[in-house]
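If you want the building blocks of each chain, they are given just below.
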Amino acid sequence: VAASLVTRSRSIARFPLTARDGVRRPAGEMEQQDDRDKIFLLVADLTNPEQRESALLELSKRREAFADLAPILWHSFGTIAALLQEIVSIYPLLSPPSLTAHASNRVCNALALLQCVASHPETRTLFLNAHTPLFLYPFLNTVSKTRPFEYLRLTSLGVIGALVKVDDAEVINFLLSTEIIPLCLRIMETGSELSKTVATFIVQKILLDDMGLSYICAIAERFYAVSTVLSNMMQILTEQPSARLLKHIVRCYLRLSENPRAREALRQCLPDSLRDATFSAALKDDVSTKRWLAQLLYNITTDPPPSS
């Protein structure tokens, strides 16, 4: 359907919108139709190697303003293949690290369009069923701290973040079958503050799902891998405070405390900085995080009622 619309938009573009089919249309409607025609033309340009770079830039700028862009991208012939071609073409630049700012910006424009597809309810399941997120994992596995690599990791995290933002067990089930948790844990320890925040948000959303909590707490090694990284992050926050990052960490700890085995472990390994007044000033105006922290401390200091 979208492919036929692209073809139609090419023919429409040759005629003035004011008198199409002999009907004079209101100015607002004409502008709307004109914008749609431009979008279809830009999507068609993605399959043209000579026009692709400029089309990527324009579409990434307009993606928020065009609600139906994701289905058009997914169902247009060759479009997703073109976006994946952009991604795999820079794999050779990952090791040894030789990614330039220009190459990073270009592939991040492609990733922004994939994020649009990942966040749309019509295309999210199709995106997962095609295992498209796996193409991003080599980017998350990089360790170079240069700006092009940091931007690449952050934008890739944004695609995964868009998937988990909506509570969907299918998304969590897919992610648990991949290596997303170890990849996020590494970024939580070594990334920039913004990358750490997005990676921690992804782990938080996995934990908030019952299946995700059970998965992480099922084996001691998994629990301690997560809790050790969270503890290391708390140590850094005592020296470099970040209210936004602290909020996500506290929420992760609170969710872990809702699992009986994890709760017992947290009684021993919860950082002292969360037990004392270390972050009182940082949380002064954050009502929700203060409430989460109070509930966390209550959970690990109070024995649950015996099950009947």
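Look up: the structure comes first, before these words.
What you are looking at is a predicted structure, and each value in this text was computed from that prediction instead of being measured.

Cut-offs applied
Residues numbered from 1 in each chain as written. Predicted model: local features only at pLDDT ≥ 70, side-chain atom pairs only at ≥ 80, totals over all residues. Heavy atoms only, no water. Helix = DSSP H or I, 4+ residues; strand = E, 2+ residues; numbered from the N terminus. Buried < 20%, exposed > 50% of the residue type's maximum accessible area, 1.4 Å probe, protein only. Contact = heavy atoms within 4.5 Å. Areas by Shrake-Rupley, 256 points an atom, 1.4 Å probe, with all protein chains shown as cover. Axes fitted to C-alpha atoms, helices over the stretch in contact; angles between N-to-C directions. Parallel < 35°, antiparallel > 145°, perpendicular 65-115°, else oblique. Left-handed = near helix turned anticlockwise from the far one by under 90°. Nonpolar A, V, L, I, M, F, W, Y, C, P; charged D, E, K, R; others polar. Core = buried A, V, L, I, M, F, W, Y, C linked by side-chain atoms within 4.5 Å. Polar contact = N/O pair within 3.5 Å; in protein donor to acceptor, adjacent residues only side chain to side chain. Phe/Tyr/Trp six-rings, centres within 6.5 Å; stacked < 30°, edge-to-face > 60°. Lys NZ or Arg CZ within 6 Å of the ring centre and 35° of its normal. Salt bridge = Lys/Arg side-chain N within 4 Å of Asp/Glu carboxyl O. Expected span 1.5 Å × (residues − 1).

Caption draft 1: Spatial organisation of the overall build of the protein. Along the protein, the regular secondary structure elements total 18 helices and 0 strands. Across the 308 residues in the protein, those meeting the buried criterion constitute 49%. A fraction of 71% describes how many contacts in the protein between residues 6 or more apart in sequence connect residues 24 or more apart. Only carbon and sulfur atoms are counted for the fraction: they give 55% of the accessible area of the protein, which is about 15,400 Å².

Caption draft 2: Region of interest: the packing of helix α11 (residues 180–190) against helix α14 (residues 220–239). Axis separation between α11 and α14 bottoms out at 9 Å; the angle between their running directions is 15 degrees. When the interaxial angle is binned, α11 and α14 end up roughly parallel. The handedness of the crossing between α11 and α14 comes out as left-handed. Taking contact as the criterion, the partners of Ile181, Leu185, Met188 and Glu189 in α11 are, on α14, Ala225, Val226, Val229, Leu230, Asn232 and Met233. Residues that form the contact of α11 with α14 fall into these classes: 8 nonpolar, 1 polar and 1 charged.

Caption draft 3: Structural detail: the nonpolar core. Counting 90 residues, the largest nonpolar core has Ile180 and Leu256 as the members making the most contacts within it. If you tally residues by element for this core, the top one is helix α6 (residues 101–119), at 10 residues. What Leu256 contacts, discounting residues up to four positions off in sequence, is Leu207, Leu213, Ile216, Cys217, Phe223, Val226, Leu230, Ala262, Arg263 and Leu266.

Caption draft 4: Region of interest: the environment of Arg275. Looking at where Arg275 falls in the secondary structure, it is placed in helix α17 (residues 272–275). Put simply, Arg275 and Leu296 are 21 residues apart on the chain and 9.6 Å apart in space, counted from C-alpha to C-alpha. Setting aside residues no more than four positions away along its own chain, Arg275 makes contact with Leu266, Arg267, Gln268, Cys269, Leu270, Leu297 and Ile300. From its side chain, Arg275 meets the backbone oxygen of Leu270 in a polar contact 3.2 Å long.

Caption draft 5: Main features of the packing of aromatic side chains. Summed over the entire model, instances satisfying the criterion amount to 2 aromatic pairs. A ring pair is formed by Tyr91 and Phe139, whose centres lie 5.8 Å apart and whose planes are at 70 degrees; its orientation type is edge-to-face. Here Tyr91 is found in the loop between α5 (79–88) and α6, whereas its partner Phe139 is found in helix α8 (residues 137–140), with 48 residues between them in sequence. The class of Tyr91 is partly exposed, set by a relative accessible area of 26%. Consider the rings of Phe223 and Tyr224, whose centres lie 5.0 Å apart with planes at 75 degrees: the pair is edge-to-face. Looking at Phe223, the relative accessible area reads 5%, which means it is buried. Overall, the relative accessible area of 41% leaves Tyr224 in the partly exposed class. Positioned above the aromatic ring of Tyr215, the side-chain terminus of Arg222 is 3.8 Å from the ring centre. Taking NZ or CZ as reference, Arg251 lies 5.3 Å from the ring centre of Trp292, over its face.

Caption draft 6: Seen up close, the environment of Ala281. As for its position among the elements, Ala281 is in the loop between α17 and α18 (287–301). Residue Ala281 is classed as exposed on the basis of its relative accessible area of 68%.

Caption draft 7: Examining the pattern of salt bridges more closely. Applying the stated rule across the entire model yields 13 salt bridges. Residues Lys247 and Asp286 are paired through a salt bridge, measuring 3.4 Å at the closest nitrogen-oxygen approach. With Lys247 in helix α15 (residues 243–256) and Asp286 in the loop between α17 and α18, the pair connects residues that are 39 residues apart, well separated along the chain. Overall, the relative accessible area of 26% leaves Lys247 in the partly exposed class.

Caption draft 8: Focus on unusual backbone geometry. A cis amide bond, omega -5 degrees, links Ser95 with the succeeding residue Pro96. Checked against the element boundaries, Pro96 lands in the loop between α5 and α6. Its identity is not glycine, yet His131 carries a phi of approximately 55 degrees, on the positive side. Within the secondary structure layout, His131 lies in the loop between α7 (124–129) and α8. Classification of His131 by relative accessible area gives partly exposed; the value is 41%.

Caption draft 9: Main features of the packing of helix α10 (residues 169–176) against helix α13 (residues 210–218). One can describe the packing of α10 onto α13 by two numbers: an axis separation of 9 Å at closest approach and a directional angle of 25 degrees. As far as their axial angle goes, α13 and α10 are roughly parallel. Contacts from Ala169, Ile172, Asn173 and Leu176 in α10 reach Met211, Gly212 and Tyr215 in α13.

Caption draft 10: Layout of α15. With 14 residues, α15 should reach 20 Å at 1.5 Å per residue; the first-to-last C-alpha distance of 20 Å fits that figure. Considered for burial, the residues of α15 that qualify are Leu245, Leu246, His248, Ile249, Val250, Arg251, Cys252, Tyr253, Leu254, Arg255 and Leu256. Looking at the buried residues of α15, the elements they touch are α12 (193–208), α13, α14, α16 (260–269), α17 and α18.

So, to be careful, I would describe these as geometric facts and stop short of saying anything about function.
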